[in-house]
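Structural overview
If you want the building blocks of each chain, they are given just below.
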Amino acid sequence: MKKVAVIGGGTMGNGICHVFAMNGIPVNLVEMNQELADEALATIDNNLERMVKKEKIDADQKVQTLENIETHTDTTKAVNDVDLIVEAVPENFELKKKVFAEVDEAAPEKAILASNTSSISITKLAATTSRPERFIGMHFFNPVPIMKLVEVVRGLDTDSEVVETIEETAELLEKNPVEVADYPGFVSNRVLMPMINEAIYCVYEGVAEPEDVDQVMKLGMAHPMGPLRLADFIGLDVCLDILNVLYEGFKDSKYRPCPLLVKMVDAGKLGDKSGEGFYKHD
């Protein structure tokens, strides 16, 4: 990979930019406007400074990493000379479809299109482009600079060569790629989200308070973070989106979102990002 474009500079997007740039790969970071692009770059700067203070990198590595990132608000210009485009916009099929329509038209013929989606069908997204054989899922985990896993999701038409390239790229980023088949939620969220949903049902039905549900899972199951604290960290709106994808994809009631989760999202209580979810956050 000589150059990469990342579409979206939010929590996942800026983290993905961070790891590519830190490993010597120039990145075009694309956002809707310059203000959002600057915010994403500031977040990367802050995260790098934290790494300097912890002596994980030195000051020169921080400077070099930032020099490897270029911000853009014009998607067409940002993708016209790259080898890989990673989409990291919110978990909404129509939005992703719109992004890939623009990217597909402007990107070089040999460029690989990758989605960081955590649950939406790679095959379905790939079918909206002219290059389904060069379309793949590259699902990073939050916080991207720290978490080692990348789910590599093969769509129905994805070339084996593309799978191999993405796995090699993940290893270059010091990640551990795991290839999974294209089913709703893949492996990670197909297992995780029903657990989070059931934990929310425990609160909804008055079985226990959020703190107590989390304490049981941390002390009894050796989870480093309880499921409700994790839900706040992920974003309750994201959890709801993923559960809806699972519910629609499998038509199985075990994936139906808890009414309490729906109500909290409707109220704007989204977790860390809004300051309140199952817990209050600074």
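Keep in mind that this is a model prediction, so the values were computed, not measured. (Residues numbered from 1 in each chain as written. Predicted model: local features only at pLDDT ≥ 70, side-chain atom pairs only at ≥ 80, totals over all residues. Heavy atoms only, no water.)

Looking at the domain arrangement of the protein
- Assigned domains of the protein: these are domain 1 (4–181) and domain 2 (190–274).
- Taking only C-alpha atoms, the centre of domain 1 and the centre of domain 2 are 27 Å apart.
- Tallying the contact residues gives 6 residues for domain 1 and 4 residues for domain 2.
- With both sides pooled, the region where domain 1 packs onto domain 2 buries about 430 Å², and carbon together with sulfur makes up 67% of that total.
- Area buried by domain 1 at its contact with domain 2 is led by Glu91, Ser119 and Asn142, which between them contribute 73% of it.
- Taken together, the connections running from domain 1 to domain 2 amount to 0 salt bridges.
- Along the contact surface separating domain 1 from domain 2 lie 0 residue pairs in polar contact (both at pLDDT 80 or more).
- Across the side of domain 1 that touches domain 2, the residue classes break down as 2 nonpolar, 3 polar and 1 charged. (Domains from an automatic or database assignment. Contact = heavy atoms within 4.5 Å. Buried area = accessible area lost by both parts, 1.4 Å probe. Salt bridge = Lys/Arg side-chain N within 4 Å of Asp/Glu carboxyl O. Polar contact = N/O pair within 3.5 Å; in protein donor to acceptor, adjacent residues only side chain to side chain. Nonpolar A, V, L, I, M, F, W, Y, C, P; charged D, E, K, R; others polar.)

As for the nonpolar core
- Ranked by size, the top nonpolar core spans 34 residues in total, and within it Phe20, Leu84, Val86, Met138 and Phe140 carry the most contacts.
- Ranked by the residues each element gives to this core, the list is headed by helix H1 (residues 11–22), at 6 residues. (Core = buried A, V, L, I, M, F, W, Y, C linked by side-chain atoms within 4.5 Å. Buried < 20%, exposed > 50% of the residue type's maximum accessible area, 1.4 Å probe, protein only. Helix = DSSP H or I, 4+ residues; strand = E, 2+ residues; numbered from the N terminus.)

A short note on the pairing of strand E2 (residues 27–30)
- Across the two faces of E2 the burial is the same, with Val27 and Leu29 and Asn28 and Val30 all buried.
- Where strand E1 (residues 4–7) and E2 come together, 4 bridges link them in parallel fashion. Residue pairing in the sheet places valine 6 in a bridge with leucine 29 of E2.
- The β-α-β motif built from E1, the intervening H1 and the parallel element E2 has right-handed crossover chirality.
- Bridge analysis of E2 against strand E3 (residues 69–72) gives 4 bridges, and the strand direction is parallel. Within E3, the residue paired with leucine 29 across the bridge is threonine 71. (Pairing = 2+ DSSP bridges. Right-handed = clockwise from strand over helix to strand, strands pointing away.)

Description of H1
- Relative to the 16 Å expected for 12 residues at 1.5 Å per residue, H1 spans 17 Å between its end C-alpha atoms, a close match to the ideal helical length.
- Here H1 lies mainly inside the structure; 10 of its 12 residues are buried.
- At the exit of H1 stands glycine 24, carrying a positive phi of roughly 85°. (Expected span 1.5 Å × (residues − 1).)

Quick look at the pairing of strand E6 (residues 135–139)
- Most of E6 sits inside the fold, with 5 of its 5 residues counted as buried.
- The two faces of E6 match: Phe135, Gly137 and His139 on one face and Ile136 and Met138 on the other face are all buried.
- Summarising the sheet, strand E5 (residues 112–115) and E6 pair through 3 bridges and their orientation is parallel. If you follow alanine 114 over to E6, its bridge partner there is isoleucine 136.
- The pairing of E6 with strand E7 (residues 149–154) spans 4 bridges and is classified as antiparallel. Paired with histidine 139 across the strands is glutamate 151, a residue of E7.

Examining the UniProt feature "domain: 3-hydroxyacyl-CoA dehydrogenase NAD binding" (unreviewed entry) in the protein
- When the UniProt feature table is mapped to this numbering, "domain: 3-hydroxyacyl-CoA dehydrogenase NAD binding" (unreviewed entry) covers residues 3–182.
- End C-alpha atoms of residues 3–182 are separated by 27 Å, and the span's content is 43% helix alongside 21% strand. (UniProt positions renumbered as here; feature names shortened; annotations may be inferred.)

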